[in-house]
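Residue-level structure breakdown
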Amino acid sequence: DRILTIPEGLLGFEEYTKYALYESEFEPFLWLQSIENQKLAFLIIDPFLICSDYETDIDDETLAKIEISKPEEIIIMTIVTIPIDGSPITANFQGPLVINKNNKKCIQAILTDNRWSTKVRIVDVLNQKGTNYKFLECFDEEKVLVSLDELEALQGKYSKVLLFLGQYQQDESEGVDRENIDIR
């Protein structure tokens, strides 16, 4: 029920075609976990939660690849990036995931609409909408960048504070260094 097949794979990860969808401890995010490579997982989100006027114009040929015949069969998600350097958390609105909710097939579409970017700053957009979020990123569990005193100081200032505890990893498969965040 939660297994997705991505026949063409994701951009940059074409060799992996089977994924499991899991709820994240950081609502409203979900995990898209590769079944073929346990070290490969993507944080994803419904883009309409971030931007209610988000539009996808996906051609029929692309939709046919995952056997979409009517709009009601579609679920749209976007991949979230949590940069290791502490720069803003972003969502890829230009390369949404299109899921056929009936057969659980998925494709990553590439939108040509220049309104959408591969790096939509989630916090900025939410705060513009009047939603008051704060994302705190801590990349070393032994040297947490945010103290409990700092967290208490944020209490009441934000509607929701999400704390990401992660660890930098390098994957040198195929001679390519990839930055992955191991969210705990």
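Reading the values: the criteria
- Position numbers for residues start from 1 in each chain and track the written sequence from start to end.
- Reporting in this predicted model follows two pLDDT cut-offs: at least 70 for local features of residues, and 80 or more for side-chain atom pairs to be given and counted; totals over whole chains, interfaces and linings ignore these cut-offs and use all residues.
- Calculated side-chain values reflect all of the structure's heavy atoms, with hydrogen atoms and water omitted.
- We count a stretch as a helix when DSSP gives it H or I for four or more residues in a row; a strand needs E for two or more, and each element gets its number in order from the N terminus.
- The rule is simple: take the accessible area with a 1.4 Å probe, protein chains only, and divide by the maximum for that residue type; under 20% is buried, over 50% is exposed, in between is partly exposed.
- Between two residues, a contact is recorded if the distance between any of their heavy atoms is within 4.5 Å.
- All accessible-area figures derive from a Shrake-Rupley calculation using a 1.4 Å probe, and residue coverage is judged against the displayed protein chains alone.
- Put simply, a salt bridge is a Lys or Arg side-chain nitrogen that is within 4 Å of an Asp or Glu carboxyl oxygen.
- Confidence of the predictor at the level of single residues is given by pLDDT, which spans 0 to 100.
- Between any two strands, pairing holds if DSSP finds at least two bridges.

A closer look at the overall build of the protein
What the protein contains, in helices and strands, is four helices and 13 strands. The burial tally for the protein puts 42% of its 184 residues in the buried class. Residue pairs in contact within the protein that sit at least 24 positions apart in sequence constitute 52% of those at least 6 positions apart. If you sum the accessible surface of the protein, you get close to 10,700 Å²; carbon and sulfur atoms cover 47% of it.

Brief notes about the pattern of salt bridges
In this structure the tally under the stated criterion is five salt bridges. Salt-bridge contacts for Glu 23 lead to Arg 2; the nearest nitrogen and oxygen are separated by 3.9 Å. Here Arg 2 lies in the segment before strand S1 (3-5) and Glu 23 lies in strand S2 (residues 18-23), a separation of 21 residues in the sequence. The exposure class of Glu 23 is exposed, given its relative accessible area of 62%. Its salt-bridge partner being Arg 115, residue Asp 113 comes within 2.7 Å of it at the nearest N-O pair. On the basis of relative accessible area, Asp 113 is assigned to the partly exposed category, the value being 27%. Residues joined by salt bridges that share partners form a network here, namely Glu 55, Asp 113 and Arg 115.

Overview of unusual backbone geometry
Of note, Glu 67 is a non-glycine position whose phi angle comes to about 65°, a positive value. Tracing the chain through its elements places Glu 67 in the loop between helix H2 (60-64) and strand S5 (74-81).

Describing the environment of Phe 42
Tracing the backbone through its elements, the reader meets Phe 42 in strand S4 (residues 41-45). Distance from Phe 42 to Ile 82, taken between C-alpha atoms, is 10.0 Å for residues 40 residues apart in sequence. Apart from residues lying up to four places away in sequence, Phe 42 is in contact with Leu 10, Phe 13, Tyr 19, Leu 30, Trp 31, Leu 32 and Ile 79.

What about the confidence of the model for the protein?
In this model, the protein carries a mean pLDDT of 76, and residues with pLDDT of at least 70 account for 70%. Here strand S12 (residues 168-171) stands out as the least confident element of the protein, with mean pLDDT 36; strand S8 (residues 106-108) is the most confident, with 96. This stretch, residues 136-148, has a pLDDT under 50; its non-local contacts, to residues over four places away or in other chains, come to 34 contacts. Every residue in residues 163-184 scores below 50 in pLDDT, and together they form 60 contacts with partners more than four places removed in sequence or on other chains.

Quick word on the pairing of S2
One ladder, built from three bridges, connects S1 with S2; its direction is antiparallel. By the bridge assignment, Leu 4 is partnered in S2 with Tyr 19. With five bridges joining them, S2 and strand S3 (residues 30-34) adopt antiparallel strand pairing. The residue bridging Ala 20 from the neighbouring strand is Gln 33, located in S3. Taking the residues that link successive antiparallel strands as the turn, the S2-S3 hairpin has six residues.

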